[in-house]
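Next come the chains, spelled out residue by residue.
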Amino acid sequence: MQNKFLLLGIAFFSLTACKTTSLQVANVQTQKNISINKDLKDDEDFAKFIEPYTEKLNKEMNQKISYTQVDLTKEGDNSNLGNLLADYTFDGADVWAKTNLNKNVDAALINIGGIRTTIGKGDILLKNVFEVMPFENEVIIVKMKGSDLQGLFNYYAKTQVNNPVSHLYIETNNGQLTRTLINGKEVNPTQDYYIATSDYLALGGDNMKFFSKGESIPTGIKLRDLFIDYFKKNAEINPKEDIRLNFIGKK
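Residues numbered from 1 in each chain as written. Predicted model: local features only at pLDDT ≥ 70, side-chain atom pairs only at ≥ 80, totals over all residues. Heavy atoms only, no water.

Section: the sheet that holds strand β5 (residues 165–166)
Formally: Here a strand pair is declared whenever DSSP counts at least two bridges between the two strands. Labels follow the DSSP assignment, with helices taken as runs of H or I lasting at least four residues and strands as runs of E lasting at least two, numbered in each case from the N terminus. Here a residue-residue contact requires only that any non-hydrogen atoms of the pair lie within 4.5 Å. In this description, a line fitted to the C-alpha atoms serves as the axis of each element, helices being fitted only across the stretch in contact, and the angle between N-to-C directions of two axes falls anywhere from 0 to 180 degrees.
Strand order in the open sheet formed by 5 strands is β5-β2-β8-β4-β9, and the pairing between neighbours is mixed. If you trace the sheet from one side to the other, it starts and ends with β5 and β9 (215–222), each paired once. In the sheet, strand β4 (residues 138–145) pairs with β9 via 5 bridges, with the strands oriented antiparallel. Across the sheet, residue Ile140 finds its bridge partner in β9, namely Pro218. On top of the sheet, helix α7 (residues 223–233) reaches β4, β8 (192–198) and β9; it is set at about 55 degrees to β9, its chief contact.

Quick look at the structure:
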């Protein structure tokens, strides 16, 4: 090994010296690549060491926290899983806002891309929520003027993407906004509104730049922890099948 470093040093010196020196490196051997596949043997000592931790983790992750009689999916503009998680985001943020801000949350939105998989009908296990939400995103409440919410509505009209919402109704016809409601009412341009979302979106993720016009208020609540708490609070999940995003003429 020392000889190899010596040769590299001589080569570097020769390249930086004024006089060009010819240097030949002999006896260079290629090393065998190790393919990581099912044929690669486990390290038995390491496997024994982590076995009790693995068993404890598996036991915890396989615990039942709720139940659903229907598949919870992310398909469509008003997916039942999307609506459910948006409602959980709203509810959790609203409880926090009442306690810490003496305010009510007006609406919530999350991104469909952040929901990584679906949950099949039957028992809902703790690991299912980790699979649905593997990220460490935090709940953020963004305080916005009603006039600035136009950017939010324009975003949905332009993208026609099924990012789930709660306490919002957005209707478009061939890409043009035709109706927008928050808590079932028209937006008051001079009123302050409190919108719950994730830190990823509050910082402009998924091109949601309209949030930059508001004031971001951190809650310290992890989205995944919030979802777990609400699944545990509900022995059986009954997702709402209402229309919140109504993209008429969507191509």
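Structure shown, so let's carry the discussion forward.
What to know about the packing of aromatic side chains
The following threshold applies: Here the aromatic set is Phe, Tyr and Trp, taking the six-membered ring for Trp, and pairing holds for ring centres within 6.5 Å; pairs whose planes are under 30 degrees apart are stacked, those over 60 apart are edge-to-face, and all others are tilted. In this scheme, a residue with accessible area under 20% of its type's maximum is buried, one over 50% is exposed, and one in between is partly exposed, where area comes from a 1.4 Å probe on protein chains only.
Scanning the model with the defined rule gives 5 aromatic pairs in all. Ring geometry for Tyr88 against Tyr230: centres 5.2 Å apart, planes inclined by 25 degrees, an arrangement best described as stacked. Taken together, the residues span a long stretch of sequence, with Tyr88 in helix α3 (residues 80–100) and Tyr230 in helix α7 at a distance of 142 residues. Take Tyr88 and Tyr230: they sit in the same class, and that class is buried. An aromatic cluster is present here, built from Tyr155, Tyr156, Phe210 and Phe211 joined pairwise through their rings.

Quick notes on the pattern of salt bridges
Which entries qualify depends on this criterion: Each reported salt bridge corresponds to a side-chain nitrogen of Lys or Arg within 4 Å of a carboxyl oxygen of Asp or Glu.
For the structure on display, the rule yields 8 salt bridges. In this structure, Asp87 engages Arg244 in a salt bridge whose closest nitrogen and oxygen atoms are separated by 2.9 Å. Taken together, the positions of Asp87 in helix α3 and Arg244 in the loop between α7 and β10 (245–248) put the pair 157 residues apart, joining distant regions of the chain. Taking relative accessible area as the criterion, Asp87 reaches 12% and is therefore assigned buried. Ionic pairing is found between Asp242 and Arg244, a salt bridge with its closest N-O pair at 3.2 Å. Taken together, the salt bridges that share partners define one network made up of Asp87, Asp242 and Arg244.

Some points on the sheet that holds strand β6 (residues 168–173)
The 3 strands lie next to each other as β7-β6-β10, forming an open sheet whose pairing is mixed. The sheet is open, and its two edges are formed by β7 (176–182) and β10, each paired on a single side. Neighbour to neighbour, the strand axes of the sheet diverge by 5 degrees on average, direction disregarded. Inspection of the sheet shows β6 paired to β10 by 4 bridges, in the parallel sense. Looking across to β10, one finds that Glu171 is bridged to Asn246.

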